[in-house]
Amino acid sequence: MSWGTELWDQFDNLEKHTQWGIDVLEKYIKFVKERTEIELSYAKQLRNLSKKYQPKKNSKEEEEYRYTSTRAFLATLNEMNDYAGQHEVISENMTSLITAELTRYVQELKQERKSHFHDGRKAQQHIETCWKQLEASKRRFERDCKEADRAQQYFEKMDADINVTKADVEKARQQAQLRHQMAEDSKAEYSSTLQKFNSEQHEHYYTHIPNIFQKIQEMEERRIVRIGESMKTFAKVDRQVIPIIGKCLDEITKAAESVDHKNDSQMVIEAFKSGFEPPGDVDFEDFTQPMKRTVSESSLSNSRGDGKSEPKFGSKSKGKLWPFIKKNKSPKQQKEPLSHRFNEFMTSKPKIHCFRSLKRGGAGPEDFSNLPPEQRRKKLQQKVDELNRDIQKEMDSRDALTKMKDVYIKNPQMGDAASVDHRLAELGQNIEKLRLEVQKFEGWLAEVEGRLPARSEQPRRQSGVYEAQNPSGVNSCAQDRESSPDGSYTEEQSQETEMKVPATDFDDEFDDEEPLPTIGTCKALYTFEGQNEGTISVAEGEMLYVIEEDKGDGWTRIRRNEDEEGYVPTSYVEVYLDKNAKDVHKPLQKISE
């Protein structure tokens, strides 16, 4: 099966077919190139996706990745990054092994095809030239034969005519002989040209054209083989990364199997355990007994000067919460707006609501006193561990410098031993400071561990029953510093003296003002002993009313009943704001009346 023998007369069709083969090869190169672009784009998108969900350093998200489920997710993100890398490998290999190779091969193929068809056209032109020469020799032989016949006929006519002279007859005879000779010469030339053409034609169709077409056939077959090999390479490149991709998927499966729900549940306990004991049983409150006022409502100074207060179902004294206690006042008794009188009072009287003077920095107190006991203990332990690590680092540095100093002493040419003394002194000071810090935090830690309640102690929930606290008068915030949730008061020493506020008409007007409407409810998460002026004690689990949200200082204003309200740390309560806020204390007012 040879194109030279079977397709000897299909030169033009072979030219078109080979051009189509090159077009197919270029189309396949374009296909592979677009595939590599898709692989690169896919790899880039996978990397961006993995990067998008990676936890940010030094952020809250990074802390969340201590759970097994989130660690498994992080492992998945890392494996997806490796997975993307394998798609980049596919793109690179296809570009180098297929696209680049085929592009170079196409250029060589075009040059080879051009050379073969140039030889074919040259052979075609040669045979056409031989054919033209044969045709010219044939026409010349035909013309000479006709001329010889006409000359012979003319001679015979002249020879038969008796009126023609002998000289004319002789001339006609010579002319006829000349034409016959020319015809013989033309015949011989035509015969020679014909033999030559037949030889050239046989050589053309049985030697030159078959050889050229055979080369074209071999070229086309190489192209077909090459595109087949490229397709195999196309699959091989994909197959080579399958084991690595399989390992990535295996690692993802392994990470998924490492998820431990029990461990994560235990970590939630460790992260959020407060250390408080659950509340005990609620005491029975006998409302059949007549309700009694604990202090006189006519004067604030009386309630503060006595230093004692009779418990009103265990609630704090009214004087303790002044000026935040208000009672209903009839419309006839209302005088001027409360804001005007309150402003006048604040400009003329000392400001006693000093709990607002808390340090409002973004960070909490150094001893973490704003946290529940268990969380505070963990934070203090972490701080102690961190300081111990810092001490170890400083000690390692000091040991290294000490060894260096010894080397300098033994070999003075290597350096001056005195040059490291200053650094050694600095390290010693740093170690001493860090040890003092450790002692301080260990003291706080021991205090917290000593205060944690034992499991055998069952606290009693008191619903509206509390003992009066700090009834001796209105003292400065500095005296009750330890009772605040963050322990960071900033009052000056000049305010540490007791401030006595005499009873004025403003007291009654302030107390008689309409109470602030409630904006929601809250639940006490921890027990808070409000010993500072303006604060209120709450028991864990107690439900109260919210009358003022946290303004950014860490305190929320709440109300227990008509005559008892104050501030508590926002972190100690869970607030449920009511969008359609109404005065929910109407029933309480009726009960108190």
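Residues numbered from 1 in each chain as written. Predicted model: local features only at pLDDT ≥ 70, side-chain atom pairs only at ≥ 80, totals over all residues. Heavy atoms only, no water.

**Focus: the packing of aromatic side chains**
Thought 1: A full pass over the atoms with the stated rule returns 12 aromatic pairs.
Thought 2: Between the aromatic rings of phenylalanine 11 and phenylalanine 117, the centroid separation amounts to 5.4 Å while the plane-to-plane angle is 75°, which identifies the pairing as edge-to-face. Of this pair, phenylalanine 11 sits in helix α2 (residues 11–52) while phenylalanine 117 sits in helix α4 (residues 68–160), and the two are 106 residues apart along the sequence. Neither phenylalanine 11 nor phenylalanine 117 differs from the other in exposure class; each is buried.
Thought 3: Aromatic side chains tryptophan 131 and phenylalanine 197 sit 5.1 Å apart centroid to centroid with 55° between the ring planes, which places their arrangement in the tilted category. (Phe/Tyr/Trp six-rings, centres within 6.5 Å; stacked < 30°, edge-to-face > 60°. Helix = DSSP H or I, 4+ residues; strand = E, 2+ residues; numbered from the N terminus. Buried < 20%, exposed > 50% of the residue type's maximum accessible area, 1.4 Å probe, protein only.)

**Points about the sheet that holds strand β5 (residues 573–577)**
Thought 1: Within the open sheet, the 5 strands sit side by side as β4-β3-β2-β1-β5. Their pairing is antiparallel. Two strands close off the open sheet at either side, each with one partner strand: β4 (564–569) and β5. Each strand axis lies, on average, 40° off the axis of its neighbour in the sheet, ignoring direction.
Thought 2: Note that strand β1 (residues 520–524) and β5 share 5 bridges and pair antiparallel. (Pairing = 2+ DSSP bridges. Axes fitted to C-alpha atoms, helices over the stretch in contact; angles between N-to-C directions.)

**Overview of the packing of α2 against helix α5 (residues 166–257)**
The packing of two helices is summarised by the inter-axis angle and the distance between the axes.
Thought 1: Remark: α2 packs on α5, axes separated minimally by 11 Å, with the N-to-C direction vectors making an angle of 15°. What the angle tells us is that α2 and α5 run roughly parallel. As for how α2 packs across α5, the hand of that crossing is left-handed.
Thought 2: The residue inventory of the contact of α2 with α5, partitioned by class, reads 15 nonpolar, 4 polar and 4 charged. (Parallel < 35°, antiparallel > 145°, perpendicular 65-115°, else oblique. Left-handed = near helix turned anticlockwise from the far one by under 90°. Nonpolar A, V, L, I, M, F, W, Y, C, P; charged D, E, K, R; others polar.)

**Points about the nonpolar core**
Thought 1: By size, the foremost hydrophobic cluster in this structure holds 31 residues, and its most contacted members are Leu25, Tyr28, Met94, Ile98, Phe213 and Ile216.
Thought 2: Counting residues per element, the ones that place at least two in this core are α2, α4 and α5.
Thought 3: Broken down by element, this core gets its largest block of residues, 11 residues, from α4.
Thought 4: When near neighbours in sequence (up to four residues on either side) are disregarded, methionine 94 contacts Val32, Arg35, Thr36, Thr99, Phe234, Val237 and Asp238.
Thought 5: Counting 14 residues, the second largest nonpolar core, distinct from the first, contains Cys522, Leu544, Trp555 and Val568. (Core = buried A, V, L, I, M, F, W, Y, C linked by side-chain atoms within 4.5 Å. Contact = heavy atoms within 4.5 Å.)

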